[in-house]
Amino acid sequence: KFRRGTWNRSVEDVLHVLAAIGRGQLAGQGCGAVLMGHSRGGATSLLTMGRHAKDEAVSSVCGVISLAAPASLQRLLPGAVAQLQQGIPFELTSQRTGQTLHVNPCWIQEQMAEPEKHDLSQQLAQVCVPCVLIHGSEDPTVPPSDAVRLAQAAPMRCQVHLIEGGNHPFNTPNPFPCDAAPSQELATCMTHVIQ
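As the structure is a prediction and not an experimental result, all values here were calculated from the model. (Residues numbered from 1 in each chain as written. Predicted model: local features only at pLDDT ≥ 70, side-chain atom pairs only at ≥ 80, totals over all residues. Heavy atoms only, no water.)

Colleague: Explain the overall build of the protein chain to me, please; I cannot follow it from the model alone.
Modeller: Within the protein chain, the secondary structure is distributed over seven helices and six strands. From first element to last, N terminus to C terminus, the protein chain shows the α and β order α-β-α-β-α-β-β-α-α-β-α-β-α. The globule rule puts the C-alpha radius of gyration for 195 residues at 16 Å, and the 17 Å found for the protein chain is close to it. Dimensions of the protein chain along its principal axes, counting C-alpha atoms only, are 45 × 40 × 35 Å. About 10,400 Å² of surface is accessible on the protein chain, with carbon and sulfur atoms providing 55% of the total. (Helix = DSSP H or I, 4+ residues; strand = E, 2+ residues; numbered from the N terminus. Rg over C-alpha atoms; globule rule 2.2 N^0.38 Å. Areas by Shrake-Rupley, 256 points an atom, 1.4 Å probe, with all protein chains shown as cover.)

This is the structure in structure tokens:
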């Protein structure tokens, strides 16, 4: 399923969940929602709210929290992009889990077809709700400067919290055992989430 994933499909997924909550099919009907996601999920949350800022579909959302989100939706190396543009799928290895992830050409094709819809800073400037951008200061995957760059798109609505010493998953193993104590960096991150 990762292979067929695109930013448009991710946004559609979020809209489907919000619609199900609104219909009472999922818990939370009538309550304010906060979209929260890590890395790609954080970018998806921001992208959803930017693209649909004035739509009824997101009217229940009162805030967005992104954890270690990239400032750009296209982070592949030029060689990988060229391969996808030629219609050839690309494989990459997750630095955290070791999994081989497959990316199909549709991922880059939709970005090339609608670049403004995939410009995260441009979309974030449209967001009408408060945004909290949390990032580890030692993130080797997505530079912490990405959080600052994103916040510059909507400075009146964005707060940035850099977690000192935090890496991309906030010094937490993936997968994280349910009964394990959180790292200090993850505990600090969650404090900002709760506030």
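Colleague: Sorry, what's going on with the sheet that holds strand β6 (residues 158-163) here?
Modeller: Sheet strands pair by backbone hydrogen bonding; their relative direction is either parallel or antiparallel. Spatial strand order, β1-β2-β5-β6: four strands in an open sheet with parallel pairing. Every interior strand has two partners, whereas the edge strands, β1 (33-38) and β6, have only one. Here the strands of the sheet are splayed against their neighbours by 15° on average, with no regard to which way each runs. Direction of pairing for strand β5 (residues 131-136) relative to β6: parallel, over a ladder of six bridges. Each bridged residue has a counterpart across the sheet, and for Val132 the counterpart in β6 is Gln159. Each of β1, β2 (61-67), β5 and β6 touches helix α7 (residues 184-194); the most contacted strand, β6, lies at about 165° to it. (Pairing = 2+ DSSP bridges. Axes fitted to C-alpha atoms, helices over the stretch in contact; angles between N-to-C directions. Contact = heavy atoms within 4.5 Å.)

Colleague: How do you make sense of the nonpolar core when you look at a structure like this?
Modeller: Taken as a class, soluble globular proteins show a tendency for nonpolar side chains to be buried jointly. The biggest cluster of nonpolar side chains holds 36 residues, and the ones touching the most others in it are Leu46, Met49, Leu124, Cys131, Leu133 and Leu150. For this core, the leading source of residues is helix α1 (residues 7-22), giving five residues. When neighbours within four sequence positions are excluded, Leu124 is seen to be in contact with Leu46, Cys131, Leu150, Ala153, Ala154, Arg157 and Cys158. Of all hydrophobic cores here, the second largest spans nine residues; its members include Leu67, Ile134, Leu186 and Val193. (Core = buried A, V, L, I, M, F, W, Y, C linked by side-chain atoms within 4.5 Å. Buried < 20%, exposed > 50% of the residue type's maximum accessible area, 1.4 Å probe, protein only.)

Colleague: How do you make sense of the packing of aromatic side chains when you look at a structure like this?
Modeller: By convention here, two paired aromatic rings are described through the distance between centres and the angle between planes. Here the structure, examined in full by the defined rule, presents zero aromatic pairs. Directly above the aromatic system of Trp7 lies the positively charged group of Arg40, at a separation of 5.1 Å from the ring centroid. (Phe/Tyr/Trp six-rings, centres within 6.5 Å; stacked < 30°, edge-to-face > 60°. Lys NZ or Arg CZ within 6 Å of the ring centre and 35° of its normal.)

Colleague: Would you mind showing me how to read the packing of helix α3 (residues 78-85) against helix α4 (residues 106-113) here?
Modeller: For the pair α3 and α4, the least separation of the axes is 8 Å and the interaxial angle reads 90°. Here α3 lies roughly perpendicular to α4, going by the angle between them. In this structure, α3 contributes Val81, Leu84 and Gln85 to the contact, and α4 contributes Trp107, Ile108 and Met112. (Parallel < 35°, antiparallel > 145°, perpendicular 65-115°, else oblique.)

Colleague: Sorry if this is basic, but what is going on with the environment of Gly136 here?
Modeller: Mapping Gly136 onto the fold places it in strand β5. For Gly136, a relative accessible area of 0% translates into the label buried. Considering only alpha carbons, one finds Gly136 and Pro105, 31 residues apart in sequence, at a separation of 31 Å. Filtering out sequence-adjacent residues up to four positions away, Gly136 remains in contact with Pro144, Ile163, Gly166, Asn167 and Phe170.

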